[in-house]
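Coordinates in review
Letter by letter, the chains look like this.
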There are 4 protein chains.
Amino acid sequence: MRRYLHLLIPAVLAWVGGTQLGAHDRARTPIRIPDLPQYLTLKCDFHTHTVFSDGKVWPDIRAEEAWREGLDAIAITDHIEHQPHKNDLPTAHNRSYQIARAHGDALRLIIIPGSEITRSMPPGHLNAIFLRDASKLDVPDWRDAVAEARRQGAFIFWNHPGWRAQQPDGRARWYAEHDELLAGDRLHGIEVVNEREYYPEAHAWCLEKNLTMLSNSDIHNPIGLDYDLHAGDRRPVTLVFARERTPEAIREALFARRTAVLAAGRLIGREEFLRPIFERSIRLLTPEVRIRGTGSAYLQIQNDSDITYVIQPDPGDSDLAFPSEIRLPAGRVALIQVRSRKNDLQTTREVQLTGQVTNLLVRPATPMTVTLPFRAVLSPQ
Amino acid sequence: MRRYLHLLIPAVLAWVGGTQLGAHDRARTPIRIPDLPQYLTLKCDFHTHTVFSDGKVWPDIRAEEAWREGLDAIAITDHIEHQPHKNDLPTAHNRSYQIARAHGDALRLIIIPGSEITRSMPPGHLNAIFLRDASKLDVPDWRDAVAEARRQGAFIFWNHPGWRAQQPDGRARWYAEHDELLAGDRLHGIEVVNEREYYPEAHAWCLEKNLTMLSNSDIHNPIGLDYDLHAGDRRPVTLVFARERTPEAIREALFARRTAVLAAGRLIGREEFLRPIFERSIRLLTPEVRIRGTGSAYLQIQNDSDITYVIQPDPGDSDLAFPSEIRLPAGRVALIQVRSRKNDLQTTREVQLTGQVTNLLVRPATPMTVTLPFRAVLSPQ
Amino acid sequence: MRRYLHLLIPAVLAWVGGTQLGAHDRARTPIRIPDLPQYLTLKCDFHTHTVFSDGKVWPDIRAEEAWREGLDAIAITDHIEHQPHKNDLPTAHNRSYQIARAHGDALRLIIIPGSEITRSMPPGHLNAIFLRDASKLDVPDWRDAVAEARRQGAFIFWNHPGWRAQQPDGRARWYAEHDELLAGDRLHGIEVVNEREYYPEAHAWCLEKNLTMLSNSDIHNPIGLDYDLHAGDRRPVTLVFARERTPEAIREALFARRTAVLAAGRLIGREEFLRPIFERSIRLLTPEVRIRGTGSAYLQIQNDSDITYVIQPDPGDSDLAFPSEIRLPAGRVALIQVRSRKNDLQTTREVQLTGQVTNLLVRPATPMTVTLPFRAVLSPQ
Amino acid sequence: MRRYLHLLIPAVLAWVGGTQLGAHDRARTPIRIPDLPQYLTLKCDFHTHTVFSDGKVWPDIRAEEAWREGLDAIAITDHIEHQPHKNDLPTAHNRSYQIARAHGDALRLIIIPGSEITRSMPPGHLNAIFLRDASKLDVPDWRDAVAEARRQGAFIFWNHPGWRAQQPDGRARWYAEHDELLAGDRLHGIEVVNEREYYPEAHAWCLEKNLTMLSNSDIHNPIGLDYDLHAGDRRPVTLVFARERTPEAIREALFARRTAVLAAGRLIGREEFLRPIFERSIRLLTPEVRIRGTGSAYLQIQNDSDITYVIQPDPGDSDLAFPSEIRLPAGRVALIQVRSRKNDLQTTREVQLTGQVTNLLVRPATPMTVTLPFRAVLSPQ
């Protein structure tokens with residue numbers, strides 16, 4: 001259906017005076033993910049670039065894009081060492097933040113100052129955010145740069161640990177330098193997702209070493225050149241579970257490791273965060289179903305979130321059969337057929353439909369298990 | 001249908017090594033407008049901005065966007081006088097062209113050097129394209145700037161003559177200064193469309209004074225922030241009827257006034273260009289229809305272009321009735337019902353279905369008239 | 001952007017066993033319109049056809065379509081007199097309701113029995129819903145049919161009063177027969193919208209004569225052949241303000257005239273219903289804006305409904321300027337720029353932004369006036 | 001981007017006379033697959049149902065849907081034995097064809113008469129098309145039904161051989177009954193794809209036993225309830241390589257096994273058909289690329305078909321590197337980066353980029369190999 005949309009074309013254009021040809025809404029599309037019982041769920045991207053390093057947009061565009069996409073906060077993290085535009089645009093490490101910040105203030109989007117310390121592996125690239133003066137990180141030795149960032153109170157995380165430019169096989173590797181950073185309180189988190197890559201090793205390290213999980217876009221282009229936003233193809237974001245919608249609250253939550261990864265329709269993180277998000281996303285509209293004989297009935301589950309949950313249910317029991325896959329599409333009501341295997345039952349029972357949500361990972365390759373309880377009233381044909 | 005698209009979600013993410021999450025095609029979508037018998041139809045945008053004046057993107061992005069959207073050529077026309085970024089990015093009038101040109105060469109997109117001479121009205125803003133050295137236009141007196149542009153061989157056109165910042169009522173006005181420019185061979189064309197505005201006065205002047213019609217985006221933002229490209233909401237372009245796909249051929253065609261305006265689904269221009277575009281866009285798949293009694297039959301017309309044509313047909317005659325509106329959707333086959341008004345006809349006749357294409361303007365408020373001939377075989381019930 | 005979506009294509013198809021190629025969600029997309037303080041807002045379509053008269057689908061499809069589109073109730077209203085399929089499918093006036101009802105019960109969608117009394121004008125076509133036995137309406141005289149419907153307790157309304165097959169100029173006309181019906185308690189409402197037609201005369205009559213406003217699809221085809229559902233092109237519905245989600249509550253609300261018309265993005269009805277819908281749809285996210293000098297600030301308004309509101313604001317005053325049009329897009333947050341006209345103000349004031357919502361009609365050609373209050377803190381540059 | 005489309009809302013609705021609210025194009029979207037050198041490529045669906053067996057639409061709807069989707073021909077194949085609507089709609093085996101045929105004639109869509117002989121496995125369900133009188137197949141013994149079909153000259157094929165209702169593990173199995181059918185000239189083809197299922201065993205049998213490959217929708221619902229047509233989610237079709245666009249030519253091609261399977265973006269069939277389709281779909285726009293040093297250049301390939309080709313290239317050689325995956329999106333121009341691995345080359349060479357098209361299967365699990373030749377001009381930095 002190539003041309004599903006035809007713009008409605010009004011009659012012949014007027015004879016005098018400027019005529020408006022179409023229009024485009026400048027608007028924000030909220031990302032619907034439930035808050036947790038005690039925290040707001042903020043959608044953040046802590047890794048973005050502008051023309052002030054090797055990015056392709058003026059810094060205010062980063063704020064405009066993020067506001068429209070429904071984000072709450074972004075960090076501007078231009079490279080310290082990689083300055084390919086510097087012959088045209090002289091290096092000024094704090095300027096991209098300042099410019100983005102002004103537009104962020106106008107839009108009420110939080111802008112966080114940061115820098116990408118851009119070194120060969122190990123230790124690779126590190127983002128330092130909540131900096132006070134990024135220019136002081138422009139020093140020869142990476143240890144000095146990291147120490148300065150920490151001196152300024154920065155939250156520091158390791159970027160794209162399995163990036164193929166540094167790890168040709170795509171596998172993240174932990175080096176002695178990372179032990180050193182960790183021991184010195186200079187490494188607080190790791191990108192489990194960068195752009196369109198997921199690093200299962202980083203996922204495991206965050207759990208083992210008690211680090212914060214990050215998920216960032218590392219966007220250089222205008223966002224629309226890299227993501228089909230209109231079709232639901234969104235940049236990865238870090239969900240931050242914060243006490244309020246302020247930079248300080250985000251900083252507190254990051255150091256307290258209260259984050260999750262939302263990328264390409266998957267939610268990755270600690271079960272304590274994922275479970276309430278799932279449970280607060282969905283509503284069973286049919287607490288009771290009635291089945292006669294070997295017939296069937298429909299459960300209806302409304303999913304008010306922007307995440308489509310995909311569940312592989314356990315096969316049921318000798319009496320009731322469930323579908324082999326249950327999809328709970330974002331923003332819609334799913335229909336789930338429950339069939340009775342026996343003709344002669346006469347009973348009312350509390351059923352626990354359990355299954356694995358394949359796009360909710362509580363550890364690498366480990367989906368979260370959920371239970372959907374309902375009541376079945378079974379009667380003979 | 002809010003969530004018409006769900007991304008297909010594969011099974012649980014792998015345990016080791018980077019995993020790719022989705023993808024995005026870097027591809028060009030051709031704009032399908034027929035060539036003329038003796039000319040190629042090139043799609044061009046002669047008015048774009050970058051961070052080197054008040055635009056928001058690095059210049060190579062202008063080439064990337066235009067290539068993806070199916071354009072053949074763009075001009076980079078940063079402001080000479082308006083340099084709001086100059087404290088961060090020192091003025092360098094030729095640099096945005098040079099940077100865009102390198103990427104255009106890689107993509108085989110034509111990049112034309114230009115500048116916007118940015119003055120109060122009159123004479124307002126003027127674009128000079130095909131410049132050799134834009135920095136020489138950075139002079140106090142606009143007459144000197146224009147003279148220098150002409151000395152370099154530039155094609156010069158008047159931008160957005162009804163722009164509300166300069167004409168609060170949206171009406172374009174012709175001043176003595178424009179007579180002066182015209183007399184001195186310093187004004188060769190006018191923007192009939194700029195961004196989302198159509199100026200009927202400019203349209204009339206182009207016909208009266210024999211000037212070239214332009215239609216340009218004047219884009220400052222990343223294009224995706226201003227146009228819903230995925231939904232067919234495209235930037236305005238100037239169609240250039242050129243002997244070949246080269247900068248020189250575009251220049252020749254511009255001076256020879258072989259252009260048309262394509263904006264928001266309307267095509268505006270001289271009939272000698274619009275008629276062959278229309279005729280080469282469509283194919284009658286049913287040269288003959290057969291109707292019995294007061295029944296009806298369907299004409300099928302395939303439109304292979306990207307323009308949806310909207311026709312208000314003349315009402316037919318005492319024997320045959322046509323619909324009150326005929327839409328020929330872009331890239332599709334339309335179904336047009338022809339009804340017989342009489343029960344007892346027994347004849348074969350050549351029918352001329354004539355009408356006005358309301359979105360093809362040959363002069364202000366004047367749609368082009370077209371004829372769709374077919375054969376009707378009529379017989380009694 | 002013709003091909004904005006490419007289906008993700010997995011690697012080479014497996015060698016053994018059936019392989020699933022893609023999938024399609026069977027799901028419901030809720031229509032988000034706020035409830036009123038004391039009533040639920042139910043979305044209903046009281047005019048649909050099936051193969052049992054001149055429709056094109058088996059009756060259960062009407063239930064399936066309506067459930068997926070987020071409706072709460074439909075009436076099945078096959079023609080009594082017009083039975084073009086009867087040689088294949090013998091007339092059985094109650095069967096389409098029975099078949100649709102069984103599927104509606106499985107989906108928890110309310111199905112209402114009805115019939116279309118299909119006569120020439122006057123009185124034209126009348127729908128009788130909440131019938132007990134439709135076959136008793138199959139009588140020669142329309143007065144007898146209507147009387148029988150009323151005897152069964154039916155709610156009766158006049159369909160498409162300006163239908164061009166009966167009124168070639170598209171104008172609705174009131175005949176003596178309608179006075180007779182009204183006087184005899186045999187006419188309770190009128191379709192203000194049928195399919196894609198709006199009848200302003202009917203709109204006025206509903207207000208003058210205190211009749212119920214209806215808005216129905218009169219769908220004959222599978223719905224997807226007539227509406228681009230995925231692009232937000234939805235069938236018209238009657239909003240019913242009911243005490244609960246039951247057939248009885250719908251019947252009560254219809255007789256009590258608690259309805260509104262929702263069609264093609266317009267909401268038409270009595271102000272007592274439209275005002276709370278508008279007010280409960282939107283949230284001002286920025287109760288206070290701060291402007292320095294002749295600068296500007298943004299109001300942000302979130303619209304949680306599925307109706308895009310289009311407001312033409314009053315022009316502001318000598319101090320503050322508003323945009324010439326304010327669009328509040330459905331499900332998104334709009335950005336509204338407020339500019340100060342004076343440089344030297346030092347004041348905090350409560351501002352009333354008033355305007356007309358052009359797609360909310362409280363009477364023909366009369367949009368509803370709304371006020372958006374906010375606080376402006378103005379200070380010199 | 002939930003609300004990517006807002007319908008443009010005109011100003012306040014008019015005061016008098018019916019007002020049109022939006023519109024919907026009744027149009028056909030051609031499926032762009034190249035013709036072969038000596039044959040037309042017709043898109044056909046030989047397995048559809050209507051209300052005359054267990055389908056859900058009046059038969060003319062099958063013609064309307066298929067015409068709009070760009071098909072050339074469909075067969076109406078209602079079940080002989082399975083008549084769940086017969087109490088309402090008395091069995092009449094030829095009527096669905098007759099009704100669909102009348103509408104197909106009006107639209108110039110070919111309608112082929114057929115029936116589904118609906119038996120338990122073995123032999124399972126068989127479609128017989130090009131029947132003269134379907135009612136004669138309504139006999140107790142399936143052998144008699146098949147014999148009668150053959151007597152009428154029918155083309156007979158085995159439907160969904162791995163259908164889970166008959167093969168719970170989804171695997172197709174060949175029984176003695178199928179040997180019997182084959183030996184008796186009563187089995188000419190097999191559905192390799194039915195609805196959303198692909199049967200690799202059937203694919204292999206077609207090659208081994210020289211049978212015709214079929215790919216059909218087996219549609220029962222209105223098509224829009226099962227396929228997201230607007231998003232490119234199309235019904236499976238059998239490509240028929242025919243001498244002309246007539247029923248007779250389709251019949252000849254079917255018996256001559258000149259078909260291929262197009263389903264969910266995959267093309268499955270004999271290499272003699274797939275290779276010219278691929279080669280006639282694409283055009284290399286850049287026969288020559290120039291690379292300096294270890295730089296790169298772009299190949300541009302235009303794909304004028306509606307199939308997105310996905311190629312896994314061989315890795316290149318010691319001098320030139322190719323991407324790990326090449327996607328040629330339908331209707332667009334792909335950009336393919338070629339990198340030089342060596343700095344000091346000075347040569348012009350003819351390069352053969354070879355790879356496997358993973359969505360073109362010439363036998364089960366065997367993609368077609370293709371070569372994209374181009375010229376590389378390499379020079380030192």
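Residues numbered from 1 in each chain as written. Chains lettered and ligands numbered in written order. Predicted model: local features only at pLDDT ≥ 70, side-chain atom pairs only at ≥ 80, totals over all residues. Heavy atoms only, no water.

Concerning the overall build of chain A
Stated formally: Working definition: helices are DSSP H or I runs of at least four residues, strands are E runs of at least two. Numbering for both runs from the N terminus. Buried residues are those whose accessible area, probed at 1.4 Å on protein chains only, stays under 20% of the maximum for their type, while exposed residues exceed 50% and partly exposed ones sit between those limits. Residues are treated as being in contact if the distance between any of their heavy atoms lies within 4.5 Å. Using a 1.4 Å probe, the Shrake-Rupley method yields the accessible areas, and only the shown protein chains count as cover for residues.
A count of helical and extended segments in chain A gives eight helices and 22 strands. Seen through its C-alpha atoms, chain A measures out along the principal axes to roughly 80 × 75 × 40 Å. Per-residue burial over chain A gives 65% buried out of 381 residues. Restricting the contact set of chain A to residue pairs at least 6 apart, pairs at least 24 apart contribute 67%. On chain A, roughly 13,300 Å² of surface is accessible, and the fraction owed to carbon and sulfur atoms is 46%.

Quick look at the pairing of strand β10 (residues 212-216) of chain C
Residues and elements named next belong to chain C. Short version of the rule: At least two bridges found by DSSP between two strands are what make those strands a pair.
Across the five residues that make up β10, a large majority, five, are buried. Bridge count for strand β8 (residues 189-194) against β10 is five bridges, and the pairing is parallel. Residue pairing in the sheet places V193 in a bridge with S215 of β10.

What about the relation of the copies chain B and chain A?
In plain terms, the rule: Only residues with pLDDT of at least 70 in both copies contribute their C-alpha atoms to the least-squares superposition of the copies.
If you rotate chain B by 180° and push it 0.0 Å along the axis, it lands on chain A with an RMSD of 0.0 Å. Both copies of the chain, as the preceding transformation shows, are related through a two-fold rotation axis. Here 100% of the interface residues in chain B have copies in chain A that are interface residues too; the copies meet face to matching face.

Section: the pattern of salt bridges
Quick note on the threshold: By convention in these notes, a salt bridge is any Lys or Arg side-chain nitrogen within 4 Å of a carboxyl oxygen on Asp or Glu.
One pass over the structure, following the stated rule, counts 124 salt bridges over all chains. R327 of chain D serves as the salt-bridge partner of D25 of chain B, at 2.8 Å between the closest nitrogen and oxygen. Pair noted here: D25 of chain B is in the loop between β1 (19-20) and β2 (27-28) and R327 of chain D is in strand β19 (residues 326-328), and the two residues belong to different chains. In terms of burial, D25 of chain B and R327 of chain D fall into one category: buried. Notably, a salt bridge pairs E288 of chain D with R375 of chain D, separated by 3.2 Å at the nearest N-O pair. Of this pair, E288 of chain D sits in strand β15 (residues 288-292) while R375 of chain D sits in strand β22 (residues 366-379), placing them 87 residues apart in sequence. What emerges from the salt-bridge pattern is a single network uniting E288, R290, E350 and R375 of chain A.

Describing the pairing of strand β20 (residues 333-340) of chain A
In terms of residue burial, β20 of chain A counts as a mostly covered element, since six of its eight residues are buried. Bridge count between strand β18 (residues 320-321) of chain A and β20 of chain A: two bridges; the pairing is antiparallel. By the bridge assignment for β20 of chain A, A321 of chain A is matched with R339 of chain A. The pairing of β20 of chain A with strand β2 (residues 27-28) of chain C spans two bridges and is antiparallel. Looking at the pairing, V333 of chain A lines up with R28 of chain C of β2 of chain C.

Some details on the interface of chain B and chain A
The test is simple: By definition, the buried area sums, over both parts, the 1.4 Å-probe accessible area that each loses when the two are put together. For the purposes of these results, a polar contact is taken to be a pair of N or O atoms within 3.5 Å, where, inside protein, one atom must be able to donate a hydrogen and its partner to accept one; residues adjacent in sequence count only when each atom of the pair is a side-chain atom. Basically, the charged four are Asp, Glu, Lys and Arg, the nonpolar ten are Ala, Val, Leu, Ile, Met, Phe, Trp, Tyr, Cys and Pro, and anything else, Gly included, counts as polar.
Counting residues at the interface gives 80 residues for chain B, matched by 81 residues for chain A. The contact between chain B and chain A buries some 6,800 Å² in all, and 59% of this surface belongs to carbon and sulfur atoms. Linking chain B with chain A are four salt bridges, by the criterion used here. Linking chain B to chain A there are 15 residue pairs in polar contact (both at pLDDT 80 or more). Among the elements that line the side of chain B that touches chain A, the one with the most residues is helix α1 (residues 59-68) of chain B, at five residues. Class assignment for the residues of the side of chain B that touches chain A results in 39 nonpolar, 19 polar and 22 charged. Summarising the sheet, strand β1 (residues 19-20) of chain A and strand β9 (residues 197-198) of chain B pair through two bridges and their orientation is antiparallel. Within the sheet, the bridge partner assigned to Q20 of chain A lies in β9 of chain B and is E197 of chain B.

Topic: the domain arrangement of chain A
Residues and elements named next belong to chain A. We apply this condition: Either an automatic procedure or a domain database provided the assignment from which the domain bounds are taken.
With domains assigned, chain A is organised as domain 1 (40-269) and domain 2 (278-379). Spacing between the C-alpha centres of domain 1 and domain 2 amounts to 38 Å. Summed over the shared surface of domain 1 and domain 2, the number is one salt bridge. Here R234 and D306 are joined by a salt bridge, their closest N and O atoms 3.8 Å apart. Between domain 1 and domain 2 we count four residue pairs in polar contact (both at pLDDT 80 or more) in total.

Quick word on the packing of aromatic side chains
To be explicit about the condition: In summary, the pairing rule links any two rings of Phe, Tyr or Trp, Trp by its six-membered ring, whose centres are within 6.5 Å, and it sorts them by plane angle into stacked for under 30 degrees, edge-to-face for over 60 and tilted for everything else.
Summed over the entire model, instances satisfying the criterion amount to 36 aromatic pairs over all chains. Note on F278 of chain B and Y309 of chain B: the rings are 4.9 Å apart at their centroids and 80° apart in plane angle, and the pair reads as edge-to-face. Of this pair, F278 of chain B sits in helix α8 (residues 271-281) while Y309 of chain B sits in strand β17 (residues 309-313), and the two are 31 residues apart along the sequence. Per residue, the accessibility class of F278 of chain B equals that of Y309 of chain B, and both read buried. Centre to centre, the rings of F52 of chain C and W58 of chain C are 5.4 Å apart; their planes meet at 50°, and the pair counts as tilted.

Examining helix α1 (residues 59-68) of chain A
Residues and elements named next belong to chain A. Of all ten residues making up α1, ten are buried, and the element is well covered by its neighbours. Every buried residue belonging to α1 is among P59, D60, I61, R62, A63, E64, E65, A66, W67 and R68, and all of these are buried. Two residues or fewer after α1 comes G70, characterised by a positive phi angle close to 90°.

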